[in-house]
Amino acid sequence: MCRAIFVLLGLVALISSSVLSLSATAQAVPDQRVSETQPSAVTPTAAPSMPYWREIRLWPEDSPVLQAGIAALAHEAWALTHPSILVYRPAERSARSAVLVFPGGGYKALAIGPKSTLGLYGSDVCKWLTDAGITCVLVKYRVPNTGCNWNPITKRHESPAIPMALQDAQRAMSLVRYNAEAWGIDPNRIGVMGFSAGGNLAVLSSTEFASRRYAPADAADQVSIRPDFAIPVYPGHMTMEHKNRRPPDSAAARELNTDIVVSAAVPPTLLIHAKDDPVDPVEYSEIYEKALREVGANVRLIRYETGGHAFGVRQQGTDSDRWTRDAMRWLDEIGMGK
């Protein structure tokens, strides 16, 4: 119960300080292959630290997946019903790699507002990646309650009937890989990165790739949705506590969430976590690392003494400040960086 309270308080602080307005006004792309001459679809209300190349809707307007989501979220006052991707491209040299970035927000909102530690619209995390020659794709997946989330009224964790966040993550991978050649990306060098709830989404994306959670919509859905690497950063919703198993069954805190099915086919994975995280404890990453090692997957966990939760890419004078350098070194080691 105490941990649930910590999670709720952490999410309130995160969302109140960094959440983006969730209106969606992106332009649909008929065949989902993007023309080099197509203009950017959205003008942000405030300028991010670096401009994105363009915004692209994930689903055609008449898609049954999109329409089902609109109906499911109709009663939510601040729902993001039209998910999209923001594509940030390297200004100069390209490593021909790409990273899909999933922001946090507890599956309640997207923490990419003006005070986000990822930067407005994820621009700071994307600047770090594009400066290294890596295309960054910020995924604005549907919210709220589109993945495992805490219900403060029932005081229980709930999982949605339709896994819309995972659908959006899989569809985003399809669109990026489908357009890889046109965007100067090697289709075999596309990974995922996520923060907090987005870290959980990165985990799900890199474990649940054998089948789509939606019926294929078009030609883009004929390509593989398996990421080539994954970097979950302080991932949440990782244990059986999130299936509402609580003390005196303390074993729930040490068991991997059954939503996460591991295998040797999971792509190379780097886990980033601070030991003093009060919201998503470091044990979440430790349990996942152990599960991956047991099946023979390529995994590394880097623990930092200090950093807390939601440090993003913002320098704050803590041990976790060096995580971006460590992550870039790891990307170079697995052949995805340079």
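Everything below is about the structure shown above.
Asks: Run through the nonpolar core, naming residues and quoting values.
Replies: Counting residues in hydrophobic clusters, the biggest one holds 92 residues, and the most contacted among them are Ile85, Leu100, Met193, Ile231 and Trp323. For this core, the element with the most residues is helix α4 (residues 164-178), which contributes eight residues. In this structure, Leu100 is in contact with Val137, Val139, Ala169, Ala172, Met173, Val176, Ile190, Gly191, Val192 and Met193, ignoring residues within four places of it in sequence.

Asks: Please give an account of unusual backbone geometry that cites residues and values.
Replies: Omega for the peptide link from Val143 to Pro144 comes to 5 degrees, which places this bond in the cis form. Here Pro144 shows up in the loop between β4 (135-140) and β5 (149-151). The phi angle at Tyr121 is positive, at roughly 60 degrees, despite the residue not being glycine. Mapped onto the elements, Tyr121 comes out in the loop between β3 (98-102) and α3 (123-131).

Asks: Talk me through the pairing of strand β8 (residues 230-233); I want residue IDs and the actual numbers.
Replies: Each regular strand shows side chains that alternate between the opposite faces of the sheet. The side-chain alternation of β8 yields two buried faces, one formed by Ala230 and Pro232 and the other by Ile231 and Val233. As paired strands, strand β7 (residues 190-195) and β8 are joined by four bridges and run parallel to one another. If you follow Val192 over to β8, its bridge partner there is Ala230. Handedness of the β7-helix α5 (residues 197-207)-β8 crossover: right-handed.

Asks: How would you sum up the packing of aromatic side chains? Please name residues and give values.
Replies: Tallied over the full model, the rule gives nine aromatic pairs. Seen in terms of ring centroids, Tyr52 and Tyr121 are 6.2 Å apart; in terms of plane orientation they differ by 55 degrees. Their pairing is tilted. Of this pair, Tyr52 sits in the loop between α1 (2-18) and β1 (54-57) while Tyr121 sits in the loop between β3 and α3, and the two are 69 residues apart along the sequence. A single burial state applies to Tyr52 and to Tyr121, both of which are buried. Geometrically, the ring pair formed by Trp59 and Tyr214 is edge-to-face, given 4.8 Å between the ring centres and 85 degrees between the ring planes. With Trp59 in the loop between β1 and α2 (64-72) and Tyr214 in the loop between α5 and β8, this residue pair connects regions lying 155 residues apart in the sequence. Take Trp59 and Tyr214: they sit in the same class, and that class is buried. A network of ring pairs unites the aromatic residues Trp128, Phe195, Tyr234, Phe311 and Trp323 as a single cluster. Across the ring face of Trp53, the terminal group of Arg54 is positioned such that the distance to the ring centre comes to 3.7 Å. Seen from the ring of Trp53, Arg89 lies directly overhead, with NZ or CZ sitting 4.1 Å from the centre.

Asks: Account for the packing of α4 against α5, with residues named and values stated.
Replies: Helix packing for two helices is described by the angle between their axes and how far apart those axes are. The geometry of α4 relative to α5 is characterised by a closest axis approach of 10 Å and an angle of 60 degrees between their N-to-C directions. Between α4 and α5, the crossing angle belongs to the class labelled oblique. When you trace α4 past α5, the crossing you get is right-handed. Where α4 approaches α5, its residues Ala165, Leu166 and Ala169 are matched on the opposing element by Leu201, Leu204 and Ser205. Tallied by class, the residues present in the contact of α4 with α5 amount to five nonpolar, one polar and no charged.

Asks: Which residues make up the state of the cysteines, and what are the values?
Replies: Here, the word disulfide means a covalent bond between the sulfur atoms of two cysteines. Enumeration over the complete set of coordinates arrives at one disulfide. Between the sulfur atoms of Cys126 and its disulfide mate Cys136 the distance is 2.2 Å. Judged by the sign of its S-S torsion, about -50 degrees, the bond between Cys126 and Cys136 is left-handed. Of this pair, Cys126 sits in helix α3 while Cys136 sits in strand β4, and the two are 10 residues apart along the sequence. Taken individually, Cys126 and Cys136 each receive the classification buried, so the pair is uniform in this respect.

Rules and cut-offs
- Residues numbered from 1 in each chain as written.
- Predicted model: local features only at pLDDT ≥ 70, side-chain atom pairs only at ≥ 80, totals over all residues.
- Heavy atoms only, no water.
- Core = buried A, V, L, I, M, F, W, Y, C linked by side-chain atoms within 4.5 Å.
- Buried < 20%, exposed > 50% of the residue type's maximum accessible area, 1.4 Å probe, protein only.
- Helix = DSSP H or I, 4+ residues; strand = E, 2+ residues; numbered from the N terminus.
- Contact = heavy atoms within 4.5 Å.
- Pairing = 2+ DSSP bridges.
- Right-handed = clockwise from strand over helix to strand, strands pointing away.
- Phe/Tyr/Trp six-rings, centres within 6.5 Å; stacked < 30°, edge-to-face > 60°.
- Lys NZ or Arg CZ within 6 Å of the ring centre and 35° of its normal.
- Axes fitted to C-alpha atoms, helices over the stretch in contact; angles between N-to-C directions.
- Parallel < 35°, antiparallel > 145°, perpendicular 65-115°, else oblique.
- Left-handed = near helix turned anticlockwise from the far one by under 90°.
- Nonpolar A, V, L, I, M, F, W, Y, C, P; charged D, E, K, R; others polar.
- Disulfide = S-S within 2.5 Å.

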